[in-house]
Amino acid sequence: MWFSHHETKGHPLVWVVLSVLAFPITLLAAQALGVPGLLPLAWAAAATLIILLCEIIARRQLWIFEPHLADFISHPETPLRLLLVLGCVLLILETALIFLVATNRRMDDGLIGLVMRKQCSAEHDKGARALCGYLQAPRNAIGQALIQNDLAAYTLRAETAKQWLAGESLTTCAQRKVTQAAANQFDLYYVGLVHCTAWQIDADGQLQVKTEKTGFAGIWLTKDVNGFYSVSKWTDDPNSDQWSATLKTLAQDAKAKVQSLSISPEFIQALRAETLKRALILVSKNQ
């Protein structure tokens with residue numbers, strides 16, 4: 001070798017350990033982080049090459065070309081020694097990985113993502129499709145899975161809270177559907193009776209009503225590629241031009257239903273109880 005006449009620095013055993021461990025450690029880390037496809041293998045190979053390059057820069061020689069390495073390899077006990085060393089290394093790595101998975105919640109996203117990619121790639125397996133659908137199901141702010149019929153209601157509550165109680169730090173809403181109509185597979189017009197409450201926490205740690213509002217609201221929703229609804233338009237005045245612009249062909253029918261409904265105090269009380277329940281869940285999640 002062109003660098004064989006230069007004095008080397010550093011013990012070769014250190015570089016052996018670094019170059020051997022670089023590949024599996026990088027591979028496991030990339031998998032845990034949810035790196036897609038063959039990128040984990042590419043990262044692991046790149047890490048090994050970087051270690052070897054660093055050894056060339058530091059020692060001017062690779063441990064592979066050490067003279068005593070040939071004697072070590074030819075020794076009859078070498079295979080058993082390598083097997084014991086590799087077994088110990090793998091045991092340490094597996095134990096560390098199991099410990100991280102069991103104790104570190106930040107690892108969960110990567111592991112769930114790995115399972116989801118595997119299950120969703122099995123298009124012809126009914127069980128895999130069911131699990132894929134569950135893992136990909138949109139969820140609300142408190143982590144509850146939303147079925148398809150809930151998505152429009154959830155989006156209406158979120159947008160109404162933003163419109164009615166802008167700037168409040170803790171708001172919850174309850175709603176009941178009045179009517180809805182789908183223009184196509186992407187656009188949905190939805191009208192509901194909504195009750196929203198802004199909360200404050202008193203000195204005793206109890207939730208108190210800061211302000212609240214009840215009314216009808218309509219929304220034009222457009223579904224994105226992930227299955228969530230984005231808000232195209234929103235309105236809470238059946239007598240305005242915005243109502244017609246938002247609800248399109250549903251506007252007149254929705255207006256007639258809204259004007260014909262009479263809301264009892266008991267019904268409003270039920271909506272208040274639902275908003276309180278949602279607020280208690282949010283507060284408990286943040287504690």
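Structure first, text after, so check above.
Source: prediction; values computed, not measured. (Residues numbered from 1 in each chain as written. Predicted model: local features only at pLDDT ≥ 70, side-chain atom pairs only at ≥ 80, totals over all residues. Heavy atoms only, no water.)

Visitor: I keep staring at the overall build of the protein and nothing clicks. Help me out?
Guide: For the protein, the count of helices and strands is ten helices and four strands. Secondary structure of the protein in N-to-C order comes out as α-α-α-α-α-α-α-β-β-β-β-α-α-α. A burial count over the protein gives 32% of its 287 residues as buried. By sequence separation, contacts in the protein at least 24 residues apart represent 53% of the contacts at least 6 residues apart. For the protein, the accessible area works out to roughly 18,200 Å², and carbon and sulfur atoms hold 61% of it. (Helix = DSSP H or I, 4+ residues; strand = E, 2+ residues; numbered from the N terminus. Buried < 20%, exposed > 50% of the residue type's maximum accessible area, 1.4 Å probe, protein only. Contact = heavy atoms within 4.5 Å. Areas by Shrake-Rupley, 256 points an atom, 1.4 Å probe, with all protein chains shown as cover.)

Visitor: Help me understand the sheet that holds strand β4 (residues 229-235), please; the structure alone is not making it clear to me.
Guide: Two modes of strand pairing occur in sheets, parallel and antiparallel, and in both the strands are linked by backbone hydrogen bonds. A sheet is described by the order of its strands in space; here four strands give the open sequence β1-β2-β3-β4, paired in antiparallel fashion. At either end of the open sheet lies a strand with only one pairing partner, and these are β1 (171-182) and β4. Mean inter-strand twist for the sheet, computed between neighbouring axes without regard to direction, equals 35°. Pairing between β1 and strand β2 (residues 187-201): eleven bridges, direction antiparallel. Bridge assignment links Q180 to a residue of β2, and that residue is Y190. In the packing of helix α9 (residues 251-260) onto the sheet, the strands contacted are β1, β2 and β3 (207-223), and the crossing angle to β1 comes to about 130°. (Pairing = 2+ DSSP bridges. Axes fitted to C-alpha atoms, helices over the stretch in contact; angles between N-to-C directions.)

Visitor: Would you explain a nonpolar patch on the surface in this entry?
Guide: Taken together, the side chains of V20, L82 and L86 make up a nonpolar region of the molecular surface, amounting to roughly 240 Å² of accessible area. Tracing the backbone through its elements, the reader meets V20 in helix α1 (residues 12-32). (Patch = residues over 30% accessible without salt bridge, like charges linked within 9 Å, V, L, I, M, F, W, Y side chains within 5 Å. Salt bridge = Lys/Arg side-chain N within 4 Å of Asp/Glu carboxyl O.)

Visitor: Would you mind going over the side chain of T275 with me for this structure?
Guide: Summarising the element assignment, T275 is placed in helix α10 (residues 265-286). The exposure class of T275 is buried, given its relative accessible area of 1%. With near-sequence residues (within four places) excluded, T275 lies in contact with T172, C173, A174, H195, T197 and W199.

Visitor: Looking at this model, I keep getting lost on the state of the cysteines. Mind explaining?
Guide: Disulfide: a covalent bond formed between the sulfur atoms of two cysteine residues. For the structure on display, the rule yields one disulfide. Covalently, C173 is tied to C196 through a disulfide, its sulfur atoms 1.9 Å apart. Between C173 and C196, the S-S torsion sits near 110°, and that sign places the bridge as right-handed. Of the two residues, C173 is situated in strand β1 and C196 in strand β2; the sequence distance between them amounts to 23 residues. Comparing C173 with C196, the two get one shared label, buried. (Disulfide = S-S within 2.5 Å.)

Visitor: Please clarify how the environment of E212 should be interpreted in this entry.
Guide: Secondary-structure assignment places E212 in strand β3. For E212 and W164, which are 48 residues apart along the polypeptide, the C-alpha to C-alpha distance reads 9.0 Å. In this view, E212 contacts H195, C196, T197 and R272; residues no more than four positions away in its chain are not counted. A polar contact is formed between the side chain of E212 and the side chain of H195, at a distance of 3.1 Å. Separated by 3.1 Å, the side chains of E212 and R272 make a polar contact. (Polar contact = N/O pair within 3.5 Å; in protein donor to acceptor, adjacent residues only side chain to side chain.)

Visitor: Is there a simple way to explain the side chain of T172 in this structure?
Guide: Relative to the helices and strands, T172 is located in strand β1. Assessed through its relative accessible area of 4%, T172 is described here as buried. Separated by 2.8 Å, the side chains of T172 and W199 make a polar contact. When sequence neighbours within four positions are dropped, the list of residues in contact with T172 reads H195, C196, T197, W199, T275, R278, A279 and L282.

Visitor: How should the packing of helix α4 (residues 78-103) against helix α5 (residues 107-121) be read in this particular structure?
Guide: Two numbers describe a pair of packed helices, the interaxial angle and the distance between the axes. In contact at an axis separation of 8 Å, α4 and α5 are set at 105° when each is read in the N-to-C sense. One element, α4, and the other, α5, form an angle in the roughly perpendicular class. Across the interface between the two elements, L97, L100 and V101 from α4 touch M107, D108 and L111 from α5. Along the lines of polarity and charge, the residues of the contact of α4 with α5 split into five nonpolar, no polar and one charged. (Parallel < 35°, antiparallel > 145°, perpendicular 65-115°, else oblique. Nonpolar A, V, L, I, M, F, W, Y, C, P; charged D, E, K, R; others polar.)

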